[in-house]
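Structural features, examined
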Amino acid sequence: MKLGFLFVTMVFVVLGSNPDRIIVVHRHGARTPIVSVNTTAICKPHGKCGSLTSNDKDMLYHLGRYLRENYNTTITPYSYYDPEGSIVSRSTDTPRTIQSATEMIKGLFAHLIKTDVNHETNPSPLEDSLLDPVVSTVPLDRDDLLLVWTGLPSLVLMQAVWNNDFFATMQNQTLKLLSLAKLRQLGAEVGPSEECDLQAHPQTFNAFNCALDLQDFWNCNRAEGFAASYPLLAKYGPGVLTQVLEEYNSWSEWIFDDNKYNGNFIRDAGTLGFQLATKIINDAKQPTEGSPSVFHYSGHDTTLMPLWQTLGNLTLLNPGFGAAMIFEVYSGEANKTIIKAKIGEPGQLPDDHTYRFDEYQMLCTRMESVGGAVTYTSASCPLEDFERFIQGRGPTSVLGKCFANASMLAAVQCTPEERGPLKKKLTQACKVFRQACPITACGDENFITSSLECDPRVLNVDHEHHHTGKKEHEHITVAILSGAVAVLAVVVVALLWSRSKQQTHDNGEYMSVS
């Protein structure tokens, strides 16, 4: 993915002392490992795989306290009867992110709670019941805002196209960094030998999955204070295993697209965090009076990294548990809205969850009378300049998040000519894409049917000269109505399917939820 900025300079903007509102995006806190094999032995001592821990709760509680201490005059009073009048909170549809969001809100409004999480008496006479956090979600397969790897239709389709080549590439990259003997030793110490030991388990060996699982196990145990119990893992976890993770993140975010497709997918479909960045801009545009003072998003590392890609930063590849980005929105001079940001995370060890933030250098684009668009970097910039930069990071295709070219559709047998029982059974990737994008998935000359077929017949207009104009008009009307009914039917099918679909962790996916 090539950034292609004109040039970079520094711009300084004078701000008031307190922002009008803040927008917070964070990863969940510490959790148990997510591994591919031997899950009972590896996860059971600490709970279910991928579940949050007491340290998770403490991390995000500390984030709420940080916000209260630093933005007290910005945050409007909380009302039990109108909780979203002060804070609007959205999470991905996973227990650990929903619980993390709740803990952050508890820290933000700890003064409303009689006893805080450390059981220190709070002098407030108000009862705990006066704080009732509200957190909204959408199903994972429709969350194109916070979890693009399962919710952004163009990316989900492209994963199906790329998967085999991508994972073969990652397997090779892993074996450049770790020998078979070292993987076997590490697997024996921790437990996932089925994927780490080629000699003993040739059918299930997978060097890349082994390295990712080992890194995740080390990271989770470090957060709980158990890393020293695994001396070999403690030696390689912060070094080569973390290098595997960061290479995985960079390859999945842009390098694979650059190497195999010359960056064309990102160019056509847009940078991966474009939807979230656009939502942040819309939040920043809300009027000061009568709008929430805090917009809050609770997600994963795979929420933050796509956002950073859209912001133009390709170096942030391993956000820690509880990592957060805070956008501050100010009223500037001449009625201009100003935006700035900071980035940070809590201590990752169990005895210190204090948050430390650094000023984030933003990329923005201004228009000049001579020279046109100029991209610059600054600690803060006018919202219109920030928006102009973000718009340049969006899709160039008019299909937007439903972008798919002919080669992508052909690769998963999903061209408009693939019409289910008329030819062959539709692939799962094709079904998912057509359910997500029923209006455009079949092209301009077809309508989608309730069985997800692309049917050109509903657009078939009789142009025989002996028909009257009235007859032609009636035929076209019937065709349009038939198409509308078909589209409505498939939307209903998609909704029912997404509600009933069991949300599971699938390590065969291109980018897993962590």
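Residues numbered from 1 in each chain as written. Predicted model: local features only at pLDDT ≥ 70, side-chain atom pairs only at ≥ 80, totals over all residues. Heavy atoms only, no water.

1. Description of helix α2 (residues 54-71)
Helical geometry note: an α-helix holds 3.6 residues per turn, so side chains three or four residues apart project in the same direction. Selection criterion: Runs of E in the DSSP output that reach at least two residues are strands. Runs of H or I that reach at least four are helices, and both are numbered from the N terminus. Helix span, expected: 1.5 Å multiplied by one less than the number of residues in the helix. Between buried and exposed lies partly exposed: a residue is buried under 20% and exposed over 50% of the maximum accessible area for its type, with that area taken using a 1.4 Å probe on protein chains only. Any pair of residues with heavy atoms lying within 4.5 Å of one another is described as a contacting pair.
Look at α2: 26 Å from first C-alpha to last across 18 residues, which is about the 26 Å you get at 1.5 Å a residue. Every buried residue belonging to α2 is among N55, D56, D58, M59, L60, Y61, L63, G64, Y66, L67, R68 and Y71, and all of these are buried. On its buried face, α2 is in contact with β1 (21-27), α3 (95-108), α8 (207-224), β4 (324-331), β5 (337-346) and β6 (355-360).

2. Section: the pairing of strand β8 (residues 372-378)
The line we're drawing: At least two bridges found by DSSP between two strands is the condition for calling them paired.
Among the seven residues of β8, five are classified as buried, and the element is accordingly described as predominantly covered. Direction of pairing for strand β7 (residues 362-368) relative to β8: antiparallel, over a ladder of seven bridges. Across the sheet, the residue bridging to R366 is V374, located in β8.

3. Quick notes on the nonpolar core
Keep this limit in mind: Side-chain atoms within 4.5 Å link the members of a nonpolar core, which is a set of buried Ala, Val, Leu, Ile, Met, Phe, Trp, Tyr and Cys residues.
Judged by nonpolar contacts, the single largest core of 56 residues is most densely connected at L214, L233, L241 and F265. When residues of this core are assigned to their parent elements, the largest contribution, nine residues, is made by helix α9 (residues 231-261). The contacts of L214, once residues within four sequence positions are left out, are L186, G187, V190, P192, C196, L233 and L241. Ranked by size, the runner-up nonpolar core spans 34 residues in total, among them L146, A277, I280 and Y297.

4. Focus on the state of the cysteines
To be explicit about the condition: Disulfides are defined as cysteine sulfur pairs within 2.5 Å.
Enumeration according to the criterion identifies five disulfides in this entry. A sulfur-sulfur separation of 2.1 Å characterises the disulfide bridge that pairs C196 with C210. Because the torsion about its S-S bond is 105 degrees, the bridge between C196 and C210 counts as right-handed. Linking C196 in helix α7 (residues 193-196) with C210 in helix α8, this pair joins segments that are 14 residues apart in sequence. Paired through a disulfide, C402 and C437 show a sulfur-sulfur distance of 2.0 Å. For the disulfide bridge between C402 and C437, the dihedral angle about the S-S bond is near -85 degrees, and by the sign convention the bridge is left-handed. Of this pair, C402 sits in the loop between α13 (383-391) and α14 (406-411) while C437 sits in the loop between α15 (428-436) and β10 (447-448); the two residues are 35 residues apart in sequence, bridging distant segments of the chain. For the pair shown, C402 and C437 are each scored as buried.

5. Details of the pattern of salt bridges
The following threshold applies: For salt bridges, the criterion is a side-chain nitrogen of Lys or Arg within 4 Å of an Asp or Glu carboxyl oxygen.
Under the defined criterion, the tally for this structure stands at 15 salt bridges. The salt bridge involving R388 is made with D385; its shortest N-O contact spans 3.0 Å. Residue R388 and its partner D385 are located together in helix α13, separated by three residues, close to a single helical turn. Residue classification places D385 among the buried positions, given a relative accessible area of 7%.

6. Overview of the environment of V138
Mapped onto the elements of the fold, V138 is located in the loop between α3 and α4 (148-151). For V138, a relative accessible area of 23% translates into the label partly exposed. Sequence separation between V138 and R90 is 48 residues, and the spatial gap between their C-alpha atoms is 8.8 Å. Those residues in contact with V138, other than ones at most four positions away along the chain, are R90, S91, D93 and D143.

7. Re helix α12 (residues 301-310)
Here α12 lies mainly inside the structure; ten of its ten residues are buried. Among the residues making up α12, those that are buried are D301, T302, T303, L304, M305, P306, L307, W308, Q309 and T310.

8. Quick word on a nonpolar patch on the surface
Keep this limit in mind: Put simply, a patch holds well-exposed residues, over 30% relative accessible area, that have no salt bridge, with like charges counted together within 9 Å and Val, Leu, Ile, Met, Phe, Trp or Tyr side chains within 5 Å. Exposure was quantified through the Shrake-Rupley algorithm and a 1.4 Å probe, taking into account, for residues, occlusion by the shown protein chains and nothing else.
Taken together, the side chains of Y80, Y81 and L130 present a nonpolar region at the surface, about 360 Å² in accessible area. Relative to the assigned elements, Y80 resides in the loop between α2 and β2 (87-91).

9. Here we look at the confidence of the model for the protein
Which entries qualify depends on this criterion: pLDDT expresses, on a scale from 0 to 100, how confident the predictor is about each individual residue.
Summary statistics for the protein give a mean pLDDT of 84 and a share of 81% for residues scoring 70 or more. Low pLDDT, under 50, characterises residues 458-510; the stretch is placed with 63 contacts to residues that sit more than four places away or in other chains.

10. Considerations on the packing of helix α11 (residues 274-284) against α12
Keep this limit in mind: All axes here are fitted lines through C-alpha atoms, helices being fitted over the stretch that makes contact, and every angle between N-to-C directions spans 0 to 180 degrees. Here roughly perpendicular refers to angles of 65 to 115 degrees, roughly parallel to angles under 35, roughly antiparallel to angles over 145, and oblique to all remaining angles.
Viewed as axis vectors pointing N to C, α11 and α12 meet at an angle of 75 degrees, and their least axial separation amounts to 8 Å. The orientation of α11 with respect to α12, classified from their angle, is roughly perpendicular. Counted together, F274, L276, A277 and I280 of α11 and T303, L307 and T310 of α12 form the full contact between these two elements.

11. Topic: the environment of A269
Assignment of secondary structure puts A269 in helix α10 (residues 264-269). Judged by its relative accessible area of 9%, A269 falls in the buried class. Sequence separation between A269 and K401 is 132 residues; the distance between their C-alpha atoms is 6.2 Å. Once you skip the residues sitting within four places of it in the chain, A269 turns out to touch S154, P395, G400 and F403.

12. Examining empty space enclosed by the protein
The gaps of empty space that remain are located by a probe, the size of a water molecule, rolled over the atoms. Selection criterion: A pocket here means an open set of points on a 1 Å grid, computed over the protein atoms alone, that has protein on both sides within 12 Å along at least five of seven lines. A cavity is instead a set of points where a 1.4 Å probe fits but cannot get out; residues with an atom within 4 Å of a point line either one. Grid points are joined across faces, edges and corners, and a volume is the space filled by probe spheres set on the points. Under the scheme applied, nonpolar residues are Ala, Val, Leu, Ile, Met, Phe, Trp, Tyr, Cys and Pro; charged residues are Asp, Glu, Lys and Arg; polar residues are all the others, including Gly.
Counted according to the given criterion, the structure contains six cavities of 30 Å³ or more. Volume-wise, the second largest cavity comes out at about 50 Å³. In terms of lining residues, the second largest cavity is bounded by D144, L145, L146, L147, V148, L272, G273, L276, T302, T303, P306 and L307. Among the elements that make up the lining of the second largest cavity, the one with the highest residue count is α12 (four residues). Partitioned by chemical class, the residues of the lining of the second largest cavity number eight nonpolar, three polar and one charged.

13. Structural notes on the packing of α9 against α12
When two helices pack together, their arrangement is given by the angle between the helix axes and the distance between those axes. To be explicit about the condition: Left-handed describes a crossing whose near helix is turned anticlockwise from the far helix by less than a right angle; the clockwise case is right-handed.
Contact geometry of α9 with α12 gives a least axis separation of 11 Å together with a crossing angle of 50 degrees. Looking at the two axes, α9 sits oblique to α12. Considering only the axes of α9 and α12, their crossing is right-handed. Residue-level contacts link N249, E253 and W254 of α9 to M305, P306 and Q309 of α12. Residues belonging to the contact of α9 with α12 are distributed by class as follows: three nonpolar, two polar and one charged.

14. Re unusual backbone geometry
Look at N38: it is not a glycine, yet its phi comes out positive at around 50 degrees. For N38, the location among the structural elements is in the loop between β1 and α1 (39-43). Take N38: its relative accessible area is 30%, and that puts it in the partly exposed class.

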